[in-house]
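Results of the structural survey
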Amino acid sequence: MRIVAGALFFSQALAFVPSSPTCRRTSTIFAADGKGRRAFVAESSAAAASAAALTAGIPQVASAASTKKWTPIKVPFTDTLYDIDFDSPTHGYLVGARGTFAETNDGGATWEPRAFSNLDAEEEVTYRFQQVSFVGGEGWVLGKPTLMLHTRDAGKTWERIPLSPKLPGDPMSVLALSPNKAEMTTSSGAIYVTENAGRNWKAQVKETIDATLNRVSTSGVSGASYFSGNILTPQRDEAGSYLAVSSRGNFFLTWEKDGDFWIPHNRGTPRRIQNMGFVQGDINKGLWMTLNGGKLLVSPANVDLTTDDYKFEEANIKTGGYGITDVSWRTETEVWAVGGSNTMYRSIDGGKTFAFDSSANAIPGNLYNLKFFKEFGNMGWALGSNGVLLKFTG
């Protein structure tokens, strides 16, 4: 079982567009010189690493400038891949756009296309499967247009779970917790738990985000008065707390497990939030935030979750102004980030500084999702457009 880590992107288009006219002119110069932007990023990372080493009086380690720790895996699809999950070290599922659905029984070395028996081929291709979650052979798949599927026999058969039209917002994530038990979130910030395989759902938050913002409208949270009523896909930490970004990317919210309502927070920057997540999967260890223009911020541990303002420190990462779409802690000190044009970055100091990784240099597309499965030997996967699937090889 893997905690859902769906994308919180504010705008994929904004994620991959330079943040200023200067950046655009620079890109034109790269083309004239015969160098790609990714080559520039790699050189910039190398230069930054060299300068840091000289400043500290420490000889530069060659591998710190550029690594190559991921291997492409062939899949039977060319569509965007959105999510991956395993219920054992060898058995897992992969989902994506245009009905993409595949299964592996050899730890992800090979993937076989699968179909849902309760969906005909013409119907299945109309769905964008965005979430998959398994535990002990029981699994859940969430798609758009709204569709929730459930299996009790490791994917041999699937049932369609009916969802009430009165549900506040659209389903955004689903997480398998134990036999018959799962957790679901919606675009309005509702959190539900079922203990009978989706027949009934019990609300965990007593107040909608709209109601909370109306009640605390004078709290000083910038952008709260412009709330559109929707959030981007919430992130869940290992203990059950949640983090969400407003659909405009102008503020974020946290919810601690067993709390009555969401707490809004200022983003502390004029740049719009693109994505957010937890440091090492734990809200108490801190949060990370990516912004337009390729910025990455990390908060310290044990920040007061009731405060309007959350303190963040900017990481040293050279992206050339292009967006970072996902970040994941592999260990306490090793951190990975991915972004537009399949760029990858690695930190070995807990997310303070990053160096370029060239694993996906020759692969066209964009990376959107990054996952490490600590329960299965810490195996790692990166997913993206054009059927891109990378496996961490270390």
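Refer to the structure printed above.
Residues numbered from 1 in each chain as written. Predicted model: local features only at pLDDT ≥ 70, side-chain atom pairs only at ≥ 80, totals over all residues. Heavy atoms only, no water.

1. Quick word on the pattern of salt bridges
Applying the stated rule across the entire model yields eleven salt bridges. One salt bridge in this structure joins K371 and D83, with 2.6 Å as the shortest N-O distance. Of the two residues, K371 sits in strand β27 (residues 367-373) while D83 sits in strand β3 (residues 81-86), which places them 288 residues apart along the sequence. Ionic pairing is found between E103 and R114, a salt bridge with its closest N-O pair at 2.8 Å. Taken together, the residues E103 in strand β5 (residues 101-104) and R114 in the loop between β6 (112-113) and α5 (121-124) connect sequence positions eleven residues apart. According to the relative accessible area criterion, E103 is buried, its value standing at 11%. Looking at R114, the relative accessible area reads 35%, which means it is partly exposed. (Salt bridge = Lys/Arg side-chain N within 4 Å of Asp/Glu carboxyl O. Helix = DSSP H or I, 4+ residues; strand = E, 2+ residues; numbered from the N terminus. Buried < 20%, exposed > 50% of the residue type's maximum accessible area, 1.4 Å probe, protein only.)

2. Points about the nonpolar core
Judged by nonpolar contacts, the single largest core of 16 residues is most densely connected at F252, I273, M276, L287, M289, Y310 and F312. Of all elements in the fold, only β16 (242-245), β19 (273-278) and β20 (287-291) reach the threshold of two or more residues within this core. (Core = buried A, V, L, I, M, F, W, Y, C linked by side-chain atoms within 4.5 Å.)

3. Here we look at the sheet that holds strand β8 (residues 138-144)
Backbone hydrogen bonds are what pair the strands of a sheet, in a parallel or an antiparallel way. One open sheet holds the four strands; their spatial order is β7-β8-β9-β10, and the pairing between them is antiparallel. This sheet does not close on itself; its edge strands, each paired only once, are β7 (128-135) and β10 (159-160). As paired elements, β8 and strand β9 (residues 147-151) share five bridges and run antiparallel to each other. For G139, the partnering residue across the bridge sits in β9 and is T151. (Pairing = 2+ DSSP bridges.)

4. A look at unusual backbone geometry
Glycine aside, negative phi is the norm for most residues, and most peptide bonds take the trans geometry. For the peptide bond that leads from K144 to P145, omega is -5°, which places it in the cis range. Inspection of the secondary structure assignment puts P145 in the loop between β8 and β9.

5. Brief notes about the environment of G136
Within the fold, G136 resides in the loop between β7 and β8. For the pair G136 and F86, spaced 50 residues apart in sequence, the C-alpha to C-alpha distance is 9.5 Å.

6. Overview of the packing of aromatic side chains
A complete count under the given rule lists 24 aromatic pairs for this structure. Look at F101 and W158: their rings are 5.7 Å apart centre to centre, the planes differ by 80°, and that puts the pair in the edge-to-face class. Highlighted residues: F101 in strand β5 and W158 in the loop between β9 and β10, separated in sequence by 57 residues. The two residues F101 and W158 agree in class, both being buried. Measuring from ring centre to ring centre gives 5.8 Å for F372 and F392, while their planes differ by 80°; the resulting arrangement is edge-to-face. (Phe/Tyr/Trp six-rings, centres within 6.5 Å; stacked < 30°, edge-to-face > 60°.)

Scope: geometric values only; no functional claims are made or implied.
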